[in-house]
Amino acid sequence: MPITKSTLHEVRKKALTFLAESFEAFYEYAIAVDQQGVISWISDGYMDFLGLEMSPVGHHITDIIPNSYLPHVVTSGKPVFLDLLYIRSQWVVVSAIPLQDERGNIVGGFAFVAIESASHMKPLLAKYNVLQSQIRDVSRQVPTRNVRYQLSQIAGRSEALRTIKHQIRQAARYDISVLLTGETGTGKELFAHALHDLSERSGKPFISINVAAIPESLIEAEFFGVAPGAYTGAQKEGRPGKFEIAEGGTLFLDEIGDMPLVLQAKLLRALQEREFERIGSNKVQKADVRIVAATSRDLGEMVDEGEFRADLYYRLNGMPIHLPPLRERISDIEMLSERILDECAGRLGLLPKELTSGALDLLCHHDWPGNVRELYNVLERACILSENDNLIDITKIQDLLGPRLSKPRPPVEKVPEKPVMPTPSQPPRPLKTQLQEAEAAAIDEALCHTRGNRSEAARLLGISRAALYEKLKHGRYQKGADADN
Ligand SMILES: Nc1ncnc2c1ncn2[C@@H]1O[C@H](COP(=O)(O)OP(=O)(O)O)[C@@H](O)[C@H]1O
Ligand SMILES: [Mg+2]
């Protein structure tokens, strides 16, 4: 049948009706803005979806959805169809179109989210979400030849951190082995990077090996490489080990305490003689690398137990640098948190985040068994949970830290006169000490509760403001009380 003008007209009409109907189905999650990007209308469904209790009409769209396409749409006049947007911890499909008046001037924009109406897209989105998180995990683990951290990027202002930075600068000047010790998550890898960056080898590769993550049978090949055709199954052309790849640069041996004894001997030989051979080869190669090793275990004790070779230990321990746990340098928490929140909010495309003083106080009272890594994870989750809020408050942090924190304890920056908390196995201590501690805990709790507001804390405790000041002056709980009123 030939296509006539009237059938074409008919088809177009049908298509438009279909579009209009689909469009109405999308209305459930829709929002409109004026030419300035100020919200002029929002559907009830979208308000619910965004978790808004009050109408956002009159607010700028980026106050509510920081990464919205609408500002771009109203300035460029170009629509966005079916693109992805990260809202409320998930990726959704959105479309945004400019609104024009009769003369073609842009007077605003209209956006809608295809959620319920696009159930067929769900599998695709779910896959996208999984891929996104996999990419993030992998990019965190990939051993990089480029230094990602410089000393200036390592946040904190505690005395302990200043000392460490000083030691790193010193170590960087000499081509000696460095042994970084400290609990997991204290930043050993970060400092290893910074050390390389400051050293004369900075133009050469920085290569890391996590000894704990490699099966024992593969460690030797990982370190020294494999000669061509060395054994059945080996790649024909062989492959280089990390010593070879790191040539001229720095080799970071993470979790060195997990190195099997047999291999410790081989590593020692390579370090002492500054040469090695690939597996299955007699060709001796030069090993010009600086070794920076790290461990969360007590290597000295392992030597005593016969689990670690003493000679290798002394070889690695050219300059020992110890990173104290976060709970012993709580004065770093504020600066660290700022840095982490900026980084997370930027990466997730969210509003800049800030901690209320109560929330910060709570962070300062946690014991952080996972150290900075744990702090990072808590703050990243807090960022996502308070997506539309620029303030992260005490309740959010409390939820994330869990019940361990129901009873705040005084901060424990390492000071010699720190009172020891009683443990059930110890004999009772003098009543006076116990009373003082109970008082300190009560004041801490009150300050936590009032986010550092002393007047309010005094009122809650039923004492005068002056009395509280007096107690704070003589007590050791200054931390929570630095934000007055
Ligand atoms: N002082 C710091 N400033 C900024 N980020 C830090 C700091 N210390 C540790 N981190 C972060 O904490 C996490 C754990 O650090 P890492 O060096 O892997 O610790 P470790 O090797 O001791 O287990 C990383 O994400 C790192 O970026
Ligand atoms: Mg590590």
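Since this is a predicted model, take the numbers as computed values, not measurements. (Residues numbered from 1 in each chain as written. Chains lettered and ligands numbered in written order. Predicted model: local features only at pLDDT ≥ 70, side-chain atom pairs only at ≥ 80, totals over all residues. Heavy atoms only, no water.)

Undergrad: Could you clarify how one ought to interpret the overall build of the protein in this entry?
TA: In terms of helices and strands, the protein carries 19 helices and 16 strands. Buried positions account for 42% of the 485 residues belonging to the protein. Look at the contacts in the protein between residues 6 or more apart in sequence, and 66% of them connect residues 24 or more apart. Accessible surface, the protein: about 26200 Å² in total, of which carbon and sulfur atoms supply 55%. (Helix = DSSP H or I, 4+ residues; strand = E, 2+ residues; numbered from the N terminus. Buried < 20%, exposed > 50% of the residue type's maximum accessible area, 1.4 Å probe, protein only. Contact = heavy atoms within 4.5 Å. Areas by Shrake-Rupley, 256 points an atom, 1.4 Å probe, with all protein chains shown as cover.)

Undergrad: Which parts of the structure should I look at to understand the site of ligand 1?
TA: Among the 14 residues in the neighbourhood of ligand 1, the closest are listed as Ala 155, Gly 185, Gly 187, Lys 188 and Arg 373. Thr 186 places a polar main-chain atom, nitrogen or oxygen, 3.2 Å from an oxygen atom of ligand 1. Glu 189 is positioned such that a nitrogen or oxygen atom in its backbone is 3.1 Å from an oxygen atom of ligand 1. Relative to its unbound accessible area of 560 Å², ligand 1 is 86% covered by the protein chains. Among the elements that line the shell around ligand 1, the one with the most residues is helix α7 (residues 188-198), at 3 residues. For the shell around ligand 1, a count of residues per class yields 6 nonpolar, 4 polar and 4 charged. Both of domain 2 (151-230 + 239-324) and domain 3 (330-404 + 427-481) provide at least three residues apiece to the shell around ligand 1. (Near = heavy atom within 4 Å. Polar contact = N/O pair within 3.5 Å; in protein donor to acceptor, adjacent residues only side chain to side chain. Nonpolar A, V, L, I, M, F, W, Y, C, P; charged D, E, K, R; others polar. Domains from an automatic or database assignment.)

Undergrad: For this particular structure, what's the right way to read the nonpolar core?
TA: A general trend in soluble globular proteins is that nonpolar side chains are found buried together. Counting 35 residues, the largest nonpolar core has Ile 333, Leu 355, Leu 363, Trp 368, Leu 375, Leu 379 and Ile 397 as the members making the most contacts within it. Two domains each provide a minimum of three residues to this core, namely domain 1 (5-122) and domain 3 (330-404 + 427-481). Counting residues in hydrophobic clusters, the runner-up holds 31 residues, among them Ile 207, Ala 246, Leu 299 and Leu 316. (Core = buried A, V, L, I, M, F, W, Y, C linked by side-chain atoms within 4.5 Å.)

Undergrad: What am I meant to see in the sheet that holds strand β4 (residues 90-100) here?
TA: The strands making up a sheet associate through hydrogen bonds between their backbones, and the pairing can be parallel or antiparallel. Across the sheet, 5 strands lie side by side as β2-β1-β5-β4-β3; this open sheet has antiparallel pairing. Among the strands making up the open sheet, the edge pair consists of β2 (39-42) and β3 (80-87). Recorded for the sheet is a direction-independent mean angle of 25° between the axes of neighbouring strands. In this structure, β4 lies alongside strand β5 (residues 106-114), joined through 8 bridges in antiparallel fashion. Paired with Ala 96 across the bridge in β5 is Ala 111. (Pairing = 2+ DSSP bridges. Axes fitted to C-alpha atoms, helices over the stretch in contact; angles between N-to-C directions.)

Undergrad: Looking at this structure, I do not really get the sheet that holds strand β6 (residues 178-181). What am I missing?
TA: Pairing is parallel in the open sheet, where 5 strands are placed in the order β7-β10-β13-β6-β14. Edge positions in the sheet fall to β7 (206-210) and β14 (319-322), since each of these pairs with one other strand and no more. On average, adjacent strands in this sheet sit at an angle of 20° to one another, irrespective of strand direction.

Undergrad: What exactly am I supposed to notice about the confidence of the model for the protein here?
TA: Reading fine detail from the predicted coordinates is not recommended where pLDDT is low. When pLDDT is averaged across the protein, the result is 83; 83% of the residues are at 70 or more. The model gives residues 405-425 a pLDDT under 50, and that stretch makes 40 contacts with residues more than four places away or in other chains. When the criterion is pLDDT under 50, residues 476-485 qualifies, and its contacts beyond four places in sequence or with other chains add up to 33 contacts. (pLDDT = per-residue confidence, 0-100.)

Undergrad: Help me understand the pairing of β2, please; the structure alone is not making it clear to me.
TA: Two faces make up the sheet, and in a regular strand the side chains alternate between them. As defined by bridge partners, strand β1 (residues 30-34) adjoins β2 across 3 bridges and the pair is classed as antiparallel. The partner of Ile 31 across the bridge, within β2, is Ile 42. Counted between consecutive antiparallel strands, the loop separating β1 from β2 contains 4 residues, among which Gly 37 sits at a positive phi close to 90°.

Undergrad: When you look at the layout of surface pockets in this model, what are you seeing that I'm missing?
TA: Empty space among the atoms becomes apparent when a probe as large as a water molecule is rolled across them. Within this model, the second largest pocket holds a volume of roughly 430 Å³. Along the walls of the second largest pocket sit 19 residues, with Gly 51, Leu 52, Ile 64, Asn 388 and Asp 389 positioned nearest its centre. The residue makeup of the lining of the second largest pocket, split by class, is 7 nonpolar, 6 polar and 6 charged. When residues of the lining of the second largest pocket are sorted by domain, at least three fall in each of domain 1 (5-122) and domain 3 (330-404 + 427-481). (1 Å grid on protein atoms, 1.4 Å probe; cavity = no way out; pocket = protein on both sides within 12 Å on 5 of 7 lines; lining within 4 Å. Points joined across faces, edges and corners; volume = space filled by probe spheres on them.)

Undergrad: In this structure, what is going on with the pattern of salt bridges? I would like to understand it.
TA: Two side chains that carry opposite charge are able to pair once their charged atoms sit near each other. Scanning the entire structure with this criterion turns up 16 salt bridges. Its salt-bridge partner being Arg 201, residue Asp 175 comes within 2.8 Å of it at the nearest N-O pair. You can see Asp 175 sitting in the loop between α6 (159-173) and β6 and its partner Arg 201 sitting in the loop between α7 and β7, a full 26 residues away along the chain. Judged by relative accessible area, Asp 175 falls into the partly exposed class, the value being 46%. Residue Arg 201 is classed as buried on the basis of its relative accessible area of 9%. Across the pair Glu 275 and Lys 286 runs a salt bridge whose closest N-O atoms are separated by 3.7 Å. Taken together, the residues Glu 275 in strand β11 (residues 275-277) and Lys 286 in strand β12 (residues 284-286) connect sequence positions 11 residues apart. (Salt bridge = Lys/Arg side-chain N within 4 Å of Asp/Glu carboxyl O.)

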